[in-house]
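# Breakdown of the fold
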Amino acid sequence: MNFGTRKLRELVASENAFTGPLPDLEQWPEIQDLDLRDNQMTGPLPATITLDKLRTLVLSRNPIGGSLPTLN
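In this report, the structure presented in the accompanying data block is examined. In this text the structure is predicted, and so the values were computed from the model without any measurement. (Residues numbered from 1 in each chain as written. Predicted model: local features only at pLDDT ≥ 70, side-chain atom pairs only at ≥ 80, totals over all residues. Heavy atoms only, no water.)

## Things to note about unusual backbone geometry
Short version of the rule: A run of H or I in DSSP becomes a helix once it reaches four residues, and a run of E becomes a strand once it reaches two; helices and strands are each numbered from the N terminus. Only protein chains enter the area calculation, which uses a 1.4 Å probe; residues under 20% of their type maximum are buried, those over 50% are exposed, and those in between are partly exposed.
Non-glycine residue Glu15 carries a positive phi angle of around 55°. Among the structural elements, Glu15 can be located in the loop between β1 (10-12) and β2 (19-21). Glu15 sits in the exposed class, given a relative accessible area of 56%. Within the chain, Ala17 stands out as a residue other than glycine whose phi angle is a positive 60°.

So, in structure tokens, the structure goes:
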């Protein structure tokens, strides 16, 4: 998934049948709200998903695994 902008602050891409691993958030250093619910995203949560910058993180209804992010 490449949306091509480093200034992206909000991404709502729910119910799109996206597949594959969750995106690496380093490509979006300004992201604050991320909603990827109801897709087919797989794999563990990337280490770049931290809760220090995110206000909203919605990943429900994806077959993902791994640990939940922690506050830094």
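## Quick word on the pattern of salt bridges
What counts is decided by this rule: Here a salt bridge means any side-chain nitrogen of Lys or Arg lying within 4 Å of a carboxyl oxygen belonging to Asp or Glu.
For the coordinates displayed, the defined rule picks out five salt bridges. Here Asp35 ties to Arg37 by a salt bridge, and the two come within 3.6 Å at their closest N and O atoms. Residue Arg61 is joined to Asp38 by a salt bridge in which the shortest nitrogen-to-oxygen separation is 3.7 Å. Placement of the pair is Arg61 in the loop between β5 (56-58) and β6 (64-65) and Asp38 in the loop between β3 (33-35) and β4 (40-44), with a sequence separation of 23 residues. The exposure class of Asp38 is partly exposed, given its relative accessible area of 24%. Residues joined in a network through salt bridges with shared partners are Glu15, Asp35, Arg37, Asp38 and Arg61.

## Quick notes on the sheet that holds β3
The criterion, for reference: Any two strands with at least two DSSP-identified bridges between them are counted as paired. The angle between two axes is taken between their N-to-C directions and runs from 0 to 180 degrees, where each axis is a line fitted to C-alpha atoms and a helix contributes only its stretch in contact.
Strand order across the open sheet formed by three strands is β1-β3-β5, with parallel pairing between neighbours. Edge positions in the open sheet fall to β1 and β5, since each of these has one partner strand only. Recorded for the sheet is a direction-independent mean angle of 10° between the axes of neighbouring strands. As paired elements, β3 and β5 share three bridges and run parallel to each other. The residue of β5 that forms the bridge with Asp35 is Val58.

That is the geometry; function is a separate question.
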